Amino acid sequence: MDNNTSKIEFFHRTDKGLVREQNEDAIGFWQYKDGVLFAVADGLGAHNAGEVASNLALEVLAREMNQYSGTGALTKNLKQAVHQANLEIYQKAITVPELYRMGAAFIASVLEGSTLVTAHIGDCRLYLLRDGSLEQLTKDHTWVGERVQYGILSPEEARTHPNRHVLTRYLGYELLASIDFLKIDVKPGDVLVQCSDGIHSLLPDPEMERLLMQGSPETSCNAIIQEALDAGGTDNMSLQIAKVISCGDRPVQPSWWKFW
């Protein structure tokens, strides 16, 4: 590849864990002319509703983004696509009785050249590993997360608080969703990590940081999930890792890719 082409190495995996009967997480990765998109949805709701919500979120996301592929505006279209996913989950939840109150925590990132744009709602997270230091870029939309942000609870208290899994917003919660968006510039050597709470609720950041530095995205991904399983595997767990090899003006071209 020439010097104007960006390149990433990518791997992702989802696992139902050791306690849940089924996996209500969903993960996806898509390649476009202008860049790549990867997403995690963590479904919630009684019976099979969580699985329906998470899969619908990614289905709508892919459909809406595909309408605009090749237009050179992936980052601009992400907002519209996520709001459409919220609308369709909300409408289905209020019209199908067995899907009442279903929803999904959700995170999706577009990497276009050296620019990363992320849409986020709920308690899935985006991390950045840069120069050997891991930083959480998103803020959890949870009862305890908001109290940590206001200084009412410490991060240590939040990890064991009985209300730590209570979401304050998620896809399908209300007709007009309050979705956070962030935009950063990436550089070669950066490692981007997206995961559901089944990962970060069991692994402290220093442990995740250590495992991320042990090898390739595939090696790190498998090691982190195994560590979460060893810690109890109490929830579904999903993890996506993208390592930035080079940046340029052209679309990012991963060294290999998977659609899940």
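In this text the structure is predicted, and so the values were computed from the model without any measurement.

Criteria and cut-off values
Residues numbered from 1 in each chain as written. Predicted model: local features only at pLDDT ≥ 70, side-chain atom pairs only at ≥ 80, totals over all residues. Heavy atoms only, no water. Helix = DSSP H or I, 4+ residues; strand = E, 2+ residues; numbered from the N terminus. Buried < 20%, exposed > 50% of the residue type's maximum accessible area, 1.4 Å probe, protein only. Lys, Arg positive; Asp, Glu negative; His and termini not counted. Salt bridge = Lys/Arg side-chain N within 4 Å of Asp/Glu carboxyl O. Contact = heavy atoms within 4.5 Å. Axes fitted to C-alpha atoms, helices over the stretch in contact; angles between N-to-C directions. Parallel < 35°, antiparallel > 145°, perpendicular 65-115°, else oblique. Left-handed = near helix turned anticlockwise from the far one by under 90°. Nonpolar A, V, L, I, M, F, W, Y, C, P; charged D, E, K, R; others polar. Pairing = 2+ DSSP bridges. Polar contact = N/O pair within 3.5 Å; in protein donor to acceptor, adjacent residues only side chain to side chain. Phe/Tyr/Trp six-rings, centres within 6.5 Å; stacked < 30°, edge-to-face > 60°. Lys NZ or Arg CZ within 6 Å of the ring centre and 35° of its normal.

Looking now at the side chain of Asp197. The residue Asp197 is located in helix H5 (residues 197–200) in this model. No salt bridge is formed by the buried Asp197; the nearest opposite charge belongs to Arg20, separated by 6.9 Å. Apart from residues no more than four positions distant in its own chain, Asp197 is found in contact with Asp42, Asp123, His165 and Asp235.

A few words now on the packing of helix H1 (residues 49–66) against helix H2 (residues 74–95). The relative placement of two packed helices is expressed as an angle between their axes plus a distance between the axes. Interaxial distance between H1 and H2 falls to 8 Å at its minimum, and their mutual angle equals 140 degrees. Here H1 lies oblique to H2, going by the angle between them. Taken as a pair, H1 and H2 cross one another with a handedness that is right-handed. Each of Ala53, Leu56, Ala57, Val60, Leu61, Arg63, Glu64 and Met65 in H1 lies in contact with H2, whose residues at this interface are Leu74, Asn77, Leu78, Gln80, Ala81, Val82, Gln84, Ala85, Glu88, Ile89 and Lys92. Along the lines of polarity and charge, the residues of the contact of H1 with H2 split into 12 nonpolar, 3 polar and 4 charged.

Where burial is concerned, most of strand S4 (residues 103–112) is hidden: 10 out of the 10 residues are buried. The pairing of strand S3 (residues 36–44) with S4 spans 9 bridges and is classified as antiparallel. Within S4, the position partnered with Val40 by the bridge is Ile107. In terms of strand pairing, S4 meets strand S5 (residues 115–121) through 7 bridges, oriented antiparallel. Bridge pairing in S5 links Glu112 to Thr115. What sits between the antiparallel neighbours S4 and S5 is a turn of 2 residues, in which Gly113 has the positive phi angle 65 degrees.

With respect to the element layout, Ser196 can be found in the loop between strand S9 (191–195) and H5. Sequence separation between Ser196 and Ala105 is 91 residues; the distance between their C-alpha atoms is 8.1 Å. In this structure Ser196 touches Asp25, Val40, Asp42, Cys124, Asn236, Met237 and Ser238, once residues within four positions along its chain are discounted. Side chain to side chain, Ser196 and Asp25 meet in a polar contact 3.0 Å long.

What the rule picks out here adds up to 9 salt bridges. Residues Arg63 and Glu88 are paired through a salt bridge, measuring 2.4 Å at the closest nitrogen-oxygen approach. One end of the pair, Arg63, is in helix H1; the other, Glu88, is in helix H2, with 25 residues separating them in the sequence. Relative accessible area serves as the criterion here: at 33%, Arg63 is assigned to the partly exposed category. For the salt bridge of Arg125 with Asp140, the shortest nitrogen-to-oxygen distance reads 2.6 Å. With a gap of 15 residues between them, Arg125 in strand S6 (residues 125–130) and Asp140 in the loop between strand S7 (133–136) and helix H3 (143–149) connect regions that are remote in the sequence. One network of salt bridges, with partners in common, ties together Arg63, Glu64 and Glu88.

Its place among the elements puts Gln240 in strand S10 (residues 237–246). A distance of 3.1 Å separates the side chain of Gln240 from the backbone oxygen of Ala39, its partner in a polar contact. Excluding its chain neighbours within four sequence positions, the residues that come into contact with Gln240 are Phe10, Phe11, His12, Ile27, Gly28, Phe38, Ala39, Val40, Leu192, Val193 and Gln194.

A separate point is the packing of aromatic side chains. Applying the stated criterion across every chain yields a total of 3 aromatic pairs. Ring geometry for Phe10 against Phe38: centres 5.4 Å apart, planes inclined by 55 degrees, an arrangement best described as tilted. In this pair, Phe10 is assigned in strand S1 (residues 6–15) and Phe38 in strand S3, connecting sequence segments 28 residues apart. As far as burial versus exposure is concerned, Phe10 and Phe38 are alike and both buried. Linked through ring pairs, Phe10, Phe29 and Phe38 together constitute an aromatic cluster. Geometry around Trp143 places Arg147 over its ring, the cationic atom sitting 3.7 Å from the centre.

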